[in-house]
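What follows is the residue order along each chain.
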Amino acid sequence: MIKAVPLNEQPAYAHLCCSECTPVVQAIARQVMRLPMHPDLSEADQQRIVATLPQREAK
């Protein structure tokens, strides 16, 4: 699974704040599930993603 990257760690904003300054955001980022989303996502890919969700939720 891809780790969620907090806004203050995104390249455009990283110079504004250090990750140690935002412990709550760091904790939340470890719990967030990122899902692929774009206009060209095929129906088959959408179904595969949806089918995986219950398995991920159980972990």
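Look a little higher up for the structure.
Residues numbered from 1 in each chain as written. Predicted model: local features only at pLDDT ≥ 70, side-chain atom pairs only at ≥ 80, totals over all residues. Heavy atoms only, no water.

Peer 1: Quick one: what's the story with the overall build of the protein chain, residue by residue and with numbers?
Peer 2: Across its full length, the protein chain holds two helices and zero strands. Here the protein chain holds 59 residues, and 14% of them are scored as buried. (Helix = DSSP H or I, 4+ residues; strand = E, 2+ residues; numbered from the N terminus. Buried < 20%, exposed > 50% of the residue type's maximum accessible area, 1.4 Å probe, protein only.)

Peer 1: Would you mind going over a nonpolar patch on the surface in detail, with residue names and values included?
Peer 2: Together, Met33, Leu35, Val50 and Leu53 make up a nonpolar patch on the protein surface, roughly 320 Å² of accessible area in all. Along the chain, the position of Met33 falls in the loop between α1 (23–29) and α2 (43–58). In this structure Met33 comes out as partly exposed when scored by relative accessible area, which is 32%. (Patch = residues over 30% accessible without salt bridge, like charges linked within 9 Å, V, L, I, M, F, W, Y side chains within 5 Å. Areas by Shrake-Rupley, 256 points an atom, 1.4 Å probe, with all protein chains shown as cover. Salt bridge = Lys/Arg side-chain N within 4 Å of Asp/Glu carboxyl O.)

Peer 1: So what's going on with the side chain of Thr22? Residues and values would help.
Peer 2: Along the chain, the position of Thr22 falls in the segment before α1. In this structure Thr22 touches Asn8 and Cys17, once residues within four positions along its chain are discounted. (Contact = heavy atoms within 4.5 Å.)

Peer 1: A description of the state of the cysteines should follow, citing residues and the corresponding values.
Peer 2: For the structure on display, the rule yields zero disulfides. The thiol of Cys17 is unpaired, and the distance to the nearest cysteine sulfur, on Cys21, comes to 4.2 Å. (Disulfide = S-S within 2.5 Å.)

Peer 1: Explain the environment of Ala4 residue by residue, including any values.
Peer 2: Relative to the helices and strands, Ala4 resides in the segment before α1. With a relative accessible area of 10%, Ala4 lands in the buried category. As for Ala4 and Leu35, which are separated by 31 residues in sequence, their C-alpha atoms are 10.0 Å apart. Discounting chain neighbours no more than four positions away, the residues touching Ala4 are Ala29, Val32 and Arg34.

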